[in-house]
Amino acid sequence: MEKLNHFSHPHPLVLVEEEIDWISIIYYCSACQERVESSSYTCPECDFCLHKSCAELPREINHPFHPSHPLILHEKSQYAQYGRYVCNSCRKEKGKEFVYHCSSCKFDLDIRCALLPKLITRDLPESQHFSHQHPLFFIQNHHIEPRDRSCSACEEQILGPFYGCFVCLFFLHQKCFELPPKIKHPSHRKHPLTLLANPLAHHDKCCCRLCSKPCKGFIYYCSPCEFGIKPKYVFFEDVIKSKNHEHPFTLFSRPFSFICDACGTDGEYCIPYVCSACDIVVHKECISLPRIILITRHDHPVSHTYFLEEEEVEGWACRICQNEIKAEYGCYHCRGCDYFVHVACAMDRDIFIQEYEEIDENQNLNQAKLGWLSGEPSITRVLKEKKIGEEVIAIEIKHFNHKCKLVLCNDVKDEKYCDGCRRSISTSFYYCAECNYILHKRCAELPRKTRHWASKDTFTLMFCIHFKCKFCCFFSSGLGYMNDASHQLYCISCFLIPDNVTTQGHGHRVFFDHKFTFKCSICDDGHQKKGAFICRIKECDHFTLDYTCLTSPNTAQYKNDEHPLVLTYHDDIHHHSDQCVCDICEESRDPNEWFYYCGICDNSAHFLCVLSKYPFLKVGLTAKYRFHEHPLTFVKKDYFHDYLKCSNCDNYCKEIFFKCTHLGCKYVIDWECRSDIGRSTGL
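Just so we're clear, the structure is a prediction, and the values are computed from it rather than from any experiment.

1. Notes on the overall build of the protein
Regarding its fold elements, the protein presents 10 helices and 50 strands. Out of the 683 residues belonging to the protein, those deemed buried represent 51%. Excluding contacts between residues fewer than 6 apart, the proportion of contacts in the protein whose partners are at least 24 apart in sequence is 50%. A total of about 35,400 Å² of accessible surface is found on the protein, and carbon and sulfur atoms cover 49% of it.

Below is the structure:
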């Protein structure tokens, strides 16, 4: 068995060659904080883990981004007072990751940025450009480009050879680096146009006369006439054929103000393209709009049209931004669903997924094979069916997450909780007579692999003993959807919410806005958040809900109450009374905010006080962790466990903890200590 003494850890590390079954257990490399799937060096005692490649990183490198001194590899940030560092290449704040550091210059590179282009093994050609104060390195190979970086000249993604300064995160396409400093343009014959860089030479209000949009990158500009064109529009075509229109578009060659017939937005004193046969005026960039696309917010493909019949869109609003759809201008639509969206909303980088070249009319309602909540079912086998009217219902099934058969039941007699979403059972459910395993019928029928309306990625349904939902930030046990790209987990309750919904606590429909920065109108914790459900009605003054409030259960059981508490939205009884206080924390309540209430006992409490810190965790589950040789059981503190001390910090365990049930082993670890070590998803 190969062993390694690594500078970052006090114990010897053992090489594990086999591939890890990450559906059962998730481990993260202590060096790069990315998931470990194959060969790794691990510590049997401490759950410490390193990718084999990370364990073999050189301790010292000479890097062209910092040629004055060598960089030394450290296992943590060298700024003790902060405990974190900012990578000088990607500008991202890092916490637990390893870092290449220069103590003299306070220069830091995370290991990905330090070794990404394999720059430490060869010299790179460098050049000076008028737009930047530092030399720019020329990088030819496509696979070593920085991710999610755009060209500082044309503002488009870096996809090929480029010049870059990784200290300042300044990048130029090779073709943009080679742009001529001055040009003559037929749309402005009076003066030559000079290439200016932002922010060194031109002000932020410079607009391109071809697309009418402000220029954040380079611009060819005539200062006396305040005439400018983005570099990507300089070498234009007089006539352009469009896949989205039957006739070609011709450059008008003179700027004027108009409203684009393709997208419906202003073309304020800019140069358009026109179709004289159809009397259509468009931005240059709108000529290339795809005819049929798939977006995250709708399961079916949506098609572009230049105009609609008035009766088709009367009273309709864009299903993304909720602003008016105008029939006389272009939009994307799905006729089968009466679904309409603005062009700008559909083409948003967070919404647009892909273009469809051609599609049959008969496919329109079934094209999106990986739509929201569509995909391979999690029911692996139907054992018995029953026909009720025209509907055939599975009454006995096998589920991927349970070894025994599950039987359908419609009789809810007492308080039960779903082992999938950890919410109470009030409708039809499947149960296992042998194991007391229960799933809502809807939870049992969820697809095993699908996508979500808020993401372009695919998601896989998996069982987790405990995980933190990325949406509501609650810890949960049971089934959750893992993002196949980022490996972040989402609880079922959040995942099932559509992008527009009506709640009992607010009379109007709320819509999800992925760009809106907000504070929740119900649980305002003082922190600004991005992405929320918003009411667009003016009188509601931007009423906003986050996932935490939106998914709060309608009823909840508190440990000191014998009756279930009901989620209530207005306190009409105590509105003008000094009794408007929380009976749990004994602090005042706002009578206009949501709370839990027992009408029998006249008890009321903040809804977050009732739910506590861990309302959706299930005790009694067992998992195997690398930091202990035996399986550990999830335990909630009660009378019999009041005085157990954590084996890690030697303090008394708090609300929940893990306990080893192996005969003779007294190992106990508190939840908060466990959360610093890693995650597990069960046996």
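2. Here's the deal with the pattern of salt bridges
As a working rule, side chains carrying opposite charge can pair if their charged atoms are close by. In this structure the tally under the stated criterion is 15 salt bridges. Residues aspartate 499 and arginine 297 are paired through a salt bridge, measuring 3.5 Å at the closest nitrogen-oxygen approach. Pair noted here: aspartate 499 is in the loop between helix 7 (492-495) and strand 39 (500-503) and arginine 297 is in the loop between strand 25 (292-295) and strand 26 (302-305), with a separation of 202 residues, a long-range link. Residue class for arginine 297 comes out buried when judged on its relative accessible area of 8%.

3. Thoughts on the sheet that holds strand 12 (residues 136-139)
The antiparallel open sheet is built from 4 strands, whose spatial order is 11-12-13-14. At either margin of the open sheet sits one strand with a lone partner, and together these are strand 11 (126-127) and strand 14 (170-173). Judged from the 4 bridges that link them, strand 13 (residues 162-165) and strand 14 form a sheet pairing that is antiparallel. The residue of strand 14 that forms the bridge with tyrosine 163 is leucine 172.

4. Some details on the pairing of strand 6 (residues 66-74)
Here strand 5 (residues 60-63) pairs with strand 6 via 3 bridges, running antiparallel. Residue pairing across strands places histidine 63 opposite histidine 66, the latter belonging to strand 6. In sequence, strand 5 turns back onto strand 6 through a hairpin of 2 residues. For strand 6 and strand 9 (residues 99-102), the ladder comprises 3 bridges, and the chain directions are antiparallel.

5. Re the packing of aromatic side chains
One pass over the structure, following the stated rule, counts 28 aromatic pairs. On the numbers, 5.1 Å between centres and 70° between planes, the contact of phenylalanine 252 with phenylalanine 256 is edge-to-face. A centroid spacing of 5.2 Å and a plane angle of 70° characterise the contact between phenylalanine 459 and phenylalanine 495, whose relative ring orientation is edge-to-face. Residue phenylalanine 459 is located in strand 36 (residues 458-468), and its partner phenylalanine 495 is located in helix 7; the two are separated by 36 residues in the primary sequence. Pair check on accessibility: phenylalanine 459 and phenylalanine 495 agree, each one buried. Every member of this aromatic cluster is reached through a ring pair, and the members are Trp453, Phe459, Phe471, Tyr481, Tyr490, Phe495, Phe512, Phe533 and Tyr547. Directly above the aromatic system of phenylalanine 616 lies the positively charged group of arginine 423, at a separation of 3.6 Å from the ring centroid. Here the basic side chain of arginine 448 rests over the ring of phenylalanine 400, its NZ or CZ set 3.8 Å away from the ring centre.

6. Some remarks on the confidence of the model for the protein
On average, the protein scores 82 in pLDDT, and the residues at 70 or more come to 86%. Within the model, pLDDT remains below 50 along residues 142-147, and this stretch shows 14 contacts once partners closer than five positions in the same chain are excluded. Predicted confidence is poor over residues 676-683, with pLDDT under 50, and the contacts of this stretch with residues over four places away or in other chains come to 36 contacts.

7. Regarding the sheet that holds strand 36
Taken together, the 4 strands give an open sheet; going across it, the order is 35-36-37-38, and neighbouring strands pair in antiparallel fashion. Of all strands in the sheet, those with a lone pairing partner are strand 35 (449-451) and strand 38 (489-491), marking the two edges. For this sheet the average axis-to-axis angle between neighbouring strands, irrespective of direction, equals 50°. Of the pairings in the sheet, the one linking strand 37 (residues 475-483) to strand 38 comprises 3 bridges and is antiparallel in character. Each bridged residue has a counterpart across the sheet, and for methionine 482 the counterpart in strand 38 is leucine 489.

8. Examining unusual backbone geometry
Positive phi outside glycine occurs at glutamate 226, with the angle close to 50°. Along the chain, the position of glutamate 226 falls in the loop between strand 17 (219-222) and strand 18 (227-229). You can call glutamate 226 exposed: its relative accessible area is 52%.

9. Details of the nonpolar core
Ranked by size, the top nonpolar core spans 97 residues in total, and within it Tyr100, Ile111 and Val282 carry the most contacts. In terms of residue count, strand 12 provides more of this core than any other element does, 4 residues in total.

10. Some details on the environment of tyrosine 437
Within the secondary structure, tyrosine 437 sits in the loop between strand 33 (429-431) and strand 34 (438-440). Of the residues examined, tyrosine 437 reaches a relative accessible area of 9% and is grouped as buried. For the pair tyrosine 437 and glycine 420, spaced 17 residues apart in sequence, the C-alpha to C-alpha distance is 9.5 Å. The contact partners of tyrosine 437, leaving out residues within four places of it in the chain, are Asn401, His402, Leu406, Asp419, Tyr430, Tyr431 and Cys432.

11. Some details on the side chain of serine 131
Its place among the elements puts serine 131 in the loop between strand 11 and strand 12. Judged by its relative accessible area of 5%, serine 131 is buried. Here the side chain of serine 131 touches histidine 129 through a polar contact of 2.7 Å, side chain to side chain.

12. Structural notes on the side chain of lysine 230
Tracing the chain through its elements places lysine 230 in the loop between strand 18 and strand 19 (239-240). Despite being buried, lysine 230 has no salt bridge partner; glutamate 155 is the closest side chain of opposite charge, sitting 4.2 Å away. Once residues lying within four places of it in the same chain are set aside, the contact partners of lysine 230 are Glu155, Cys208, Cys211, Lys213, Pro214, Cys215, Phe218 and Ile219.

13. Let's talk about the environment of leucine 172
Its place among the elements puts leucine 172 in strand 14. Residue classification places leucine 172 among the buried positions, given a relative accessible area of 0%. Put simply, leucine 172 and phenylalanine 162 are 10 residues apart on the chain and 5.5 Å apart in space, counted from C-alpha to C-alpha. The contact partners of leucine 172, leaving out residues within four places of it in the chain, are His129, Ser131, Leu136, Cys151, Ser152, Ala153, Ile158, Phe162, Tyr163, Phe177 and Phe218.

14. Regarding the state of the cysteines
One pass over the full model with this rule turns up 0 disulfides. Cysteine 32 provides the cysteine sulfur closest to cysteine 29, a residue in no disulfide bond, and the two sulfurs are 3.8 Å apart.

Here is what the cut-offs are and how they apply
Residues numbered from 1 in each chain as written. Predicted model: local features only at pLDDT ≥ 70, side-chain atom pairs only at ≥ 80, totals over all residues. Heavy atoms only, no water. Helix = DSSP H or I, 4+ residues; strand = E, 2+ residues; numbered from the N terminus. Buried < 20%, exposed > 50% of the residue type's maximum accessible area, 1.4 Å probe, protein only. Contact = heavy atoms within 4.5 Å. Areas by Shrake-Rupley, 256 points an atom, 1.4 Å probe, with all protein chains shown as cover. Salt bridge = Lys/Arg side-chain N within 4 Å of Asp/Glu carboxyl O. Pairing = 2+ DSSP bridges. Phe/Tyr/Trp six-rings, centres within 6.5 Å; stacked < 30°, edge-to-face > 60°. Lys NZ or Arg CZ within 6 Å of the ring centre and 35° of its normal. pLDDT = per-residue confidence, 0-100. Axes fitted to C-alpha atoms, helices over the stretch in contact; angles between N-to-C directions. Core = buried A, V, L, I, M, F, W, Y, C linked by side-chain atoms within 4.5 Å. Polar contact = N/O pair within 3.5 Å; in protein donor to acceptor, adjacent residues only side chain to side chain. Lys, Arg positive; Asp, Glu negative; His and termini not counted. Disulfide = S-S within 2.5 Å.

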